[in-house]
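Residues per chain are reported as follows:
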Amino acid sequence: MYLEIQTYKSKKLIFLRKSIRDKQSGKIKKVTIANLTYEPVDQVAAIANALDKKKQQQVDLDNLEQGKSIGFSLIIHFLMNLLGITKAISKSFEAKIALMLIAARIVLQSSRLQALYWSKSIDHILDIIGFTKEEKEKLNDKTVYKGLDYLYKNQQTIEDTLY
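This report concerns the structure included in the present document. This is a predicted model, so every value here is computed, not measured.

Considering the overall build of the protein chain
Inference 1: Each helix and strand in the protein chain was counted, giving 9 helices and 3 strands.
Inference 2: Helices and strands in the protein chain line up, N terminus first, as β-β-β-α-α-α-α-α-α-α-α-α.
Inference 3: Buried residues in the protein chain amount to 27% of all 163 residues.
Inference 4: Contacts in the protein chain between residues far apart in sequence, at least 24 positions, make up 47% of those at least 6 positions apart.
Inference 5: Put simply, the protein chain shows about 12,300 Å² of open surface, and 54% of that area lies on carbon and sulfur atoms.

Some words on the sheet that holds strand S3 (residues 28–35)
In a beta sheet, neighbouring strands are held together by backbone hydrogen bonds and run either parallel or antiparallel to one another.
Inference 1: Here we have 3 strands laid out as an open sheet, ordered S1-S2-S3, and antiparallel in their pairing. Two strands lie at the open edges of the sheet, namely strand S1 (2–8) and S3, each paired on one side alone. This sheet shows a mean twist of 45 degrees between the axes of neighbouring strands, independent of strand direction.
Inference 2: Pairing of S1 with strand S2 (residues 11–21), which is carried by 7 bridges, proceeds in the antiparallel orientation. When the bridges of S2 are listed, Thr7 appears paired with Lys12.
Inference 3: Relative to S1, helix H1 (residues 41–51) is tilted by about 135 degrees, and along the sheet it contacts S1 and S2.

Some words on the packing of helix H4 (residues 93–107) against helix H8 (residues 144–153)
Inference 1: Where H4 meets H8, the closest approach of the two axes is 7 Å, and the angle between their N-to-C directions is 95 degrees. Between H4 and H8, the crossing angle belongs to the class labelled roughly perpendicular. Contacts between H4 and H8 pair Glu94, Ala95, Ile97, Ala98 and Leu101 from the former with Val144, Lys146, Gly147, Leu148, Tyr150 and Leu151 from the latter.

Section: the side chain of Lys96
Inference 1: Topologically, Lys96 is positioned in helix H4.
Inference 2: Leave out the neighbours within four places in its chain, and Lys96 touches Lys91, Ile129, Gly130, Phe131 and Glu135.

Remarks on H8
One full turn of an α-helix is made of 3.6 residues, so residues set three or four places apart face in the same direction.
Inference 1: Within the span of H8, buried status applies to Val144, Gly147 and Tyr150. Projected down its long axis, H8 carries its buried residues within an arc of 115 degrees, all on one side. Residues of H8 that are exposed and point more than 90 degrees away from the buried face comprise Tyr152 and Lys153.

Examining the nonpolar core
Inference 1: Ile89, Ile97, Met100, Phe131 and Leu139 are the most contacted members of the largest nonpolar core, which has 25 residues in total.
Inference 2: Mapped onto this core, the elements with two or more residues apiece are helix H2 (71–83), helix H3 (85–89), H4, helix H5 (112–122), helix H6 (125–129) and H8.
Inference 3: For this core, the leading source of residues is H4, giving 9 residues.
Inference 4: Those residues within four positions of Met100 in sequence are excluded, and the remaining contacts are Ala115, Trp118, Ser119, Ile125, Leu126, Ile129 and Leu139.

What counts as what
Sequence order sets the numbering: in each chain, residues are counted from 1 along the sequence as written. Given that the model is predicted, a residue must reach a pLDDT of at least 70 before its local features are reported, and side-chain atom pairs must reach 80 or more before they are shown or counted; all residues, however, enter totals for whole chains, interfaces and linings. Side-chain calculation: all heavy atoms of the structure are included, whereas hydrogens and water are not. Secondary structure counts use DSSP, requiring at least four H or I residues in a row for a helix and at least two E residues in a row for a strand, with both numbered from the N terminus. The cut-offs for exposure are 20% and 50% of the maximum accessible area for each residue type, with area from a 1.4 Å probe on protein chains only; residues under the lower value are buried, those over the upper are exposed, and the others partly exposed. In this analysis, two residues are considered to be in contact whenever any of their non-hydrogen atoms come within 4.5 Å of each other. Throughout, the Shrake-Rupley method with a 1.4 Å probe supplies accessible areas, and for residues the shown protein chains are the sole cover considered. Here a strand pair is declared whenever DSSP counts at least two bridges between the two strands. Fitted lines through C-alpha atoms give the axes, limited to the stretch in contact for helices. The angle between two N-to-C directions lies from 0 to 180 degrees. Every angle not falling under 35 degrees, over 145, or within 65 to 115 is termed oblique; those three ranges are roughly parallel, roughly antiparallel and roughly perpendicular. Taking the helix axis as origin, the arc is that swept by the directions to the C-beta atoms. To form a nonpolar core, buried Ala, Val, Leu, Ile, Met, Phe, Trp, Tyr and Cys residues must be joined to one another through side-chain atoms within 4.5 Å.

Read these as layout, nothing more, since geometry by itself doesn't imply function.
What follows is the structure, encoded as structure tokens:
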């Protein structure tokens, strides 16, 4: 990939392009990936720096460590926000449990107790949903079912809000 700058009627056009070889003719063709003409200058400069092989630094693979694994939970929470599920369910303690159970159902597809253990130990969904420290301490095998009770009692309201 490379940046190509063209001038057309005294206007500077910036394109992000790559070269590919046409299988039939054997000729090299340009393929435009993005038109960066109207993007902010600092973003175009960052792309140019990223594409500059002379400026790229080597990564020391020996000293890498695994950070917090929250990517999948962030995606699930983002989708729940996008679909309006978090807004429809509310922000009470029982509602947060319900959101945790929904996320666990997507990831694990197992029992409620397994969802509780997953949310407390492996993933950081409780932090993403917004559980306070006190709420995390209250969360146990008996309080997990409060989330199900909340969903049952408020099912019609939640469905109407989502509709």
